[in-house]
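# Close look at the chain arrangement
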Amino acid sequence: LGGHSLLATQVIARIREQLGIDMALRELFELPILADFSQGAQEKSGQIEPLQGELAKSLETLKRLTAEEIDELIS
């Protein structure tokens, strides 16, 4: 109302673009205090790193497989 929704959408888009953190628009309204919103963003950004680590481990494991092992896994 009164343009606040448009401004909130712009804030969320900039957070996604510049920080790579996927915050939902509703989170901005549910956490209107900047410190609380920042804490939520930090928690979300921390969730990305463990996933990237797990993916990297899986990729390294796949790289070590022989062609025969890959064929066996696929079939």
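Residues numbered from 1 in each chain as written. Predicted model: local features only at pLDDT ≥ 70, side-chain atom pairs only at ≥ 80, totals over all residues. Heavy atoms only, no water.

A few words now on the environment of Phe-37. Relative to the helices and strands, Phe-37 is located in helix 3 (residues 34-63). According to the relative accessible area criterion, Phe-37 is buried, its value standing at 7%. Linking Phe-37 and Glu-27, residues 10 residues apart in sequence, is a C-alpha distance of 7.5 Å. Those residues within four positions of Phe-37 in sequence are excluded, and the remaining contacts are Ile-12, Ile-15, Met-23, Glu-27, Leu-28 and Leu-31. (Helix = DSSP H or I, 4+ residues; strand = E, 2+ residues; numbered from the N terminus. Buried < 20%, exposed > 50% of the residue type's maximum accessible area, 1.4 Å probe, protein only. Contact = heavy atoms within 4.5 Å.)

All right, on to the pattern of salt bridges then. Taken as a whole and judged by the stated rule, the model has 4 salt bridges. Salt-bridge contacts for Lys-63 lead to Glu-60; the nearest nitrogen and oxygen are separated by 3.5 Å. Here Lys-63 pairs with Glu-60, and both are found in helix 3, just 3 residues apart, close to one helical turn. By relative accessible area, Lys-63 is classed as exposed at 57%. (Salt bridge = Lys/Arg side-chain N within 4 Å of Asp/Glu carboxyl O.)

On the surface, a cluster of negative charge is contributed by Glu-68, Glu-69, Asp-71 and Glu-72. Counting through the fold element by element, Glu-72 comes out in helix 4 (residues 67-74). (Patch = residues over 30% accessible without salt bridge, like charges linked within 9 Å, V, L, I, M, F, W, Y side chains within 5 Å. Areas by Shrake-Rupley, 256 points an atom, 1.4 Å probe, with all protein chains shown as cover. Lys, Arg positive; Asp, Glu negative; His and termini not counted. Charge placed at Lys NZ, Arg CZ, Asp CG, Glu CD.)

Counting residues in each nonpolar core, the largest one holds 6 residues, listed as Ile-12, Ile-15, Ile-21, Met-23, Phe-37 and Ala-41. Going through the elements one at a time, helix 1 (4-19) and helix 3 are the ones with two or more residues in this core. Leave out the neighbours within four places in its chain, and Met-23 touches Ile-12, Ile-15, Arg-16, Phe-37, Gly-40, Ala-41 and Lys-44. (Core = buried A, V, L, I, M, F, W, Y, C linked by side-chain atoms within 4.5 Å.)

Relative to the assigned elements, Glu-27 resides in helix 2 (residues 25-30). Setting aside its immediate chain neighbours within four residues, Glu-27 contacts Asp-22, Phe-37 and Lys-44.

All we've got here are geometric facts, nothing functional implied.
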